[in-house]
Amino acid sequence: MTIILRLAWRNLWRHKRRTWLTASAIAFVTALMVFLITLQLGSYDLMVDSSLRIFTAQMQVQREGYLDKPQIRKIIPDAAALAERLRAEPALRGVAIATRAQAFALASSGTRSYGVQVVGVEPEHEPDVSTVPRLMKSGRFLSGRAAQEAVLGAPLAKNLNVRVGDELTLLGSAMDGSVAATIVPVVGIFESGMRDLDRVLVEMPLASFQELFGLGQGAHAIALLAPDLARLPPMHRDVARLLPAAPALAVLDWDRLVPGLRQVIEADWTIDWFIYVALILVVTLSILNTFIMSVLERTRELGIMLALGATPLRIGTLVFAETALLALIGLGIGIAIGSGIAAWLSVHGFTYPGLKEFMGQYGLPALIYPKLSPKAILIGPAVILGFILVAALYPALRIRKLQPVEAIHAA
């Protein structure tokens, strides 16, 4: 095998220009794949993080079964105290934590009424887990935990024809089945960038919400937001470890809370791989053409080798080894260039025209940081290598059909 590799290496450099051109083509598509895949994974992280920072947060603690069937009586007893214990945990240092309660109600103003989702939030902690408090289009956010006031989304305010300073009537059902009704002044109107959310969301202070809907000290969710998505797996374990044994509580990651986001990412990933495979296929066919030409040019040489006793399998292995060595040269150069560019951008960030202005209006970061990991860097080159090696089988198998005498006398 060592002799075959030495011969293959020597044969590669018999035509240096052709070898470097072919290796350059492999290196180019490899570098492009590494850059695009790491950038794509980084853009997914930005999309997930930005979407979750608007309202949902990256993780929530809820009563078991509340996500599937959100009933007002499925509360976390003394939720604010549990949230304080989580904040005091050293392992969760740097993690933003806020308590929420929510119910559905009928919101009325004048002659207009709409069904809304009323969310009770902690005004002092909610800005840490949501961008809504920083995106007030007019007015201000909630002033205190027990203040009798509310903020709502801009489309809902337009539908209800209310402005800052107007009164909003909320009518719903309390936890004990009684009627929950109140009139609160609108102190702010926000625009989160998610119109579906802004069309139904009304936020009010948590204590006022608990009093209105008879929740006592209970709430429905504890929202958690880590500085970055990489902290989520250990954060999940730490939060689960700190929860009380009863009642049964669940720690829900973002892909359970917003399953549609994961589906969008998977669909985009699949579609983009069709493009990647098409690109790899074009390069592979050009490389296949190069090696077929190489075999045809060496027909007489290969005939002499067969006449001297070399088996077709041995010569085919030699041609296959030449392809593999050439592919490894191109892949090595491409991985070095692609990962180098991705590493630089992972520090300085990448953006494109319009992204900064678009994200800036919602208070979100506009830089994409390529995601560097062994999987992100090597998955593209691995696919390229697979295609090239499969393509290399064709010229290698052609050698089986060579007849020594005919090959020697070939023009």
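Structure shown above.
Here goes a summary of the coordinates provided. Just so it is clear, the model here is predicted, and its values are computed rather than measured. (Residues numbered from 1 in each chain as written. Predicted model: local features only at pLDDT ≥ 70, side-chain atom pairs only at ≥ 80, totals over all residues. Heavy atoms only, no water.)

As for helix H7 (residues 206-213)
Consideration 1: Burial within H7 is extensive, with six of its eight residues counted as buried.
Consideration 2: Turning to H7, its buried residues number three or more, namely Leu-206, Ser-208, Phe-209, Gln-210, Leu-212 and Phe-213.
Consideration 3: Against the buried residues of H7 lie strand S2 (96-109), strand S3 (112-121), strand S6 (167-173), strand S7 (179-190) and strand S8 (201-205).
Consideration 4: Following H7 by one or two positions, Gly-214 adopts a phi angle in the positive range, close to 65°. (Buried < 20%, exposed > 50% of the residue type's maximum accessible area, 1.4 Å probe, protein only. Helix = DSSP H or I, 4+ residues; strand = E, 2+ residues; numbered from the N terminus. Contact = heavy atoms within 4.5 Å.)

Some words on empty space enclosed by the protein
Consideration 1: Counted by the stated rule, this structure contains two cavities of 30 Å³ or more.
Consideration 2: Counted as a void, the largest cavity has a volume near 170 Å³.
Consideration 3: Asn-11, Leu-12, Arg-18, Thr-19 and Ser-294 are the residues nearest the centre of the largest cavity, which is lined by 14 residues in total.
Consideration 4: Listed by contribution, the elements that provide at least two residues to the lining of the largest cavity are helix H1 (2-12), helix H2 (16-54), helix H10 (259-297) and helix H12 (312-348).
Consideration 5: Sorting elements by how many residues they give to the lining of the largest cavity places H10 first, with four residues.
Consideration 6: Grouping the amino acids of the lining of the largest cavity by side-chain chemistry returns three nonpolar, six polar and five charged. (1 Å grid on protein atoms, 1.4 Å probe; cavity = no way out; pocket = protein on both sides within 12 Å on 5 of 7 lines; lining within 4 Å. Points joined across faces, edges and corners; volume = space filled by probe spheres on them. Nonpolar A, V, L, I, M, F, W, Y, C, P; charged D, E, K, R; others polar.)

Considerations on the side chain of Lys-74
Consideration 1: By the element assignment, Lys-74 lies in the loop between strand S1 (59-63) and helix H3 (79-88).
Consideration 2: Buried within the structure, Lys-74 lacks any salt-bridge partner; Asp-68 is the closest side chain of opposite charge, at an N-O distance of 7.8 Å.
Consideration 3: Among the polar contacts listed, one links the side chain of Lys-74 to the backbone oxygen of Lys-69, at a separation of 3.3 Å.
Consideration 4: Contact partners of Lys-74, with chain neighbours within four places excluded, come to Arg-63, Gly-65, Tyr-66, Lys-69 and His-220. (Lys, Arg positive; Asp, Glu negative; His and termini not counted. Salt bridge = Lys/Arg side-chain N within 4 Å of Asp/Glu carboxyl O. Polar contact = N/O pair within 3.5 Å; in protein donor to acceptor, adjacent residues only side chain to side chain.)

A few points about the pairing of S6
Consideration 1: Alternating residues of S6 divide into Leu-168, Leu-170 and Gly-172, all buried, and Glu-167, Thr-169, Leu-171 and Ser-173, none buried.
Consideration 2: A loop of five residues connects S6 with S7, the two strands running antiparallel in sequence, and Gly-177 in this loop sits at a positive phi of about 95°. (Pairing = 2+ DSSP bridges.)

Observations concerning a nonpolar patch on the surface
Consideration 1: Among the surface-exposed residues, Trp-20, Ile-333, Ile-337 and Ile-341 lie close enough to one another that they form a single nonpolar patch of about 350 Å² accessible area.
Consideration 2: Sort the elements by how many residues they give to the nonpolar patch and H12 lands first, with three residues.
Consideration 3: Among the structural elements, Ile-341 can be located in helix H12. (Patch = residues over 30% accessible without salt bridge, like charges linked within 9 Å, V, L, I, M, F, W, Y side chains within 5 Å. Areas by Shrake-Rupley, 256 points an atom, 1.4 Å probe, with all protein chains shown as cover.)

Brief notes about the packing of H10 against helix H14 (residues 374-398)
Consideration 1: Across the interface, H10 lies against H14 with an axial gap of 9 Å and an inter-helix angle of 35°. Crossing of H10 against H14: the hand is right-handed. Contacts between H10 and H14 involve Trp-269, Trp-273, Val-277, Ile-280, Leu-281, Thr-284, Ile-287, Leu-288, Phe-291, Ile-292, Val-295 and Leu-296 from the former and Ile-379, Gly-380, Val-383, Ile-384, Phe-387, Ile-388, Ala-391, Tyr-394, Pro-395 and Arg-398 from the latter.
Consideration 2: In terms of residue class, the contact of H10 with H14 is made up of 19 nonpolar, two polar and one charged. (Axes fitted to C-alpha atoms, helices over the stretch in contact; angles between N-to-C directions. Left-handed = near helix turned anticlockwise from the far one by under 90°.)

A word on the environment of Leu-215
Consideration 1: With respect to the element layout, Leu-215 can be found in the loop between H7 and strand S9 (221-225).
Consideration 2: We classify Leu-215 as buried; its relative accessible area is 4%.
Consideration 3: Note: C-alpha distance between Leu-215 and Arg-17 (198 residues apart in sequence) is 78 Å.
Consideration 4: Beyond its immediate chain neighbours, meaning those up to four positions away, Leu-215 contacts Ile-72, Ile-75, Ala-101, Met-175, Phe-209, Gln-210 and His-220.

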